[in-house]
Amino acid sequence: MKRFGLIGYPVSHSYSKKFFSEKFRHLGLMDHLYELYEMKSIDSFPNLWDSNADLVGVNVTVPHKQAVNKYLQHLDASAENVGATNVVVRRDNELIGYNTDYLAFKHSLECWLDG
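Let me sum up the structure you'll find in this document.

Calculation criteria
Here the residue index of a chain counts from 1 through its sequence in written order. At least 70 in pLDDT is required for a residue's local features to be given in this predicted model, at least 80 for side-chain atom pairs to be given and counted, and no such filter applies to totals for whole chains, interfaces and linings, which use all residues. Side-chain calculation: all heavy atoms of the structure are included, whereas hydrogens and water are not. Helix and strand definitions follow DSSP, with helices as H or I runs of at least four residues and strands as E runs of at least two, each counted in order from the N terminus. For the radius of gyration, the atoms used are the C-alpha atoms, and the globule rule reads 2.2 Å times the number of residues raised to 0.38. Note on contacts: a residue pair is in contact if any heavy atoms of the two residues lie within 4.5 Å. Note on areas: Shrake-Rupley with a 1.4 Å probe; residue coverage comes only from the protein chains shown. Counted as positive: Lys and Arg. Counted as negative: Asp and Glu. His and the chain ends are not counted at all. Taken as the charge centre is NZ of Lys, CZ of Arg, CG of Asp or CD of Glu, depending on the residue. Here, nonpolar core refers to any group of buried Ala, Val, Leu, Ile, Met, Phe, Trp, Tyr and Cys residues whose side-chain atoms link them within 4.5 Å. Only protein chains enter the area calculation, which uses a 1.4 Å probe; residues under 20% of their type maximum are buried, those over 50% are exposed, and those in between are partly exposed.

## Quick notes on the overall build of the protein
In step 1: What the protein contains, in helices and strands, is four helices and six strands.
In step 2: Across the protein, helices and strands are ordered from the amino to the carboxyl terminus as β-α-β-α-β-β-α-β-β-α.
In step 3: Over its C-alpha trace the protein gives a radius of gyration of 15 Å, about what one expects of a compact globule, namely 13 Å for 115 residues.
In step 4: Taken along its principal axes, the extent of the C-alpha atoms in the protein is 45 × 35 × 30 Å.
In step 5: Long-range pairs, those at least 24 residues apart, make up 57% of the contacts in the protein between residues at least 6 apart in sequence.
In step 6: Accessible surface, the protein: about 7,300 Å² in total, of which carbon and sulfur atoms supply 54%.
In step 7: Averaging the coordinates of the 12 positive side-chain charges in the protein and doing the same for the 14 negative ones gives two points 6 Å apart.

Structural data, given as structure tokens:
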């Protein structure tokens, strides 16, 4: 099983689980699972990874986008430049932070300015 999810507080209202579960099913990725991990305190972050060996990556939402960085072994330039992380991936036993919000915002501005 490959496990993914969303961390933040609160997350019960999030559409992410339904969205990614449908996406995995549509792509035939029956060994992929997306969960919501409500995390009141970012101090619980290491335990999430320790207790889920099959966890591949998580999306990060409020209020943890900045505080999560202290638990990561590496920040991609996107997260480092913005100072916030919204995607964490486990690769070679390291947790790497990315910021895709920045790229999406930049792309939408470029489209708007070009239009």
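## Thoughts on the nonpolar core
In step 1: Core analysis: the biggest nonpolar cluster contains 14 residues, and I7, F45, L48, W49, V58, V68 and V88 have the highest contact counts within it.
In step 2: Secondary structure elements with two or more residues in this core: α2 (45–50) and β3 (55–60).
In step 3: With sequence-adjacent residues up to four places away left out, F45 is seen in contact with I7, M39, V58, V68, Y71, L72, V88 and L95.
In step 4: Of all hydrophobic cores here, the second largest spans five residues; its members include F4, L6, F24 and Y34.

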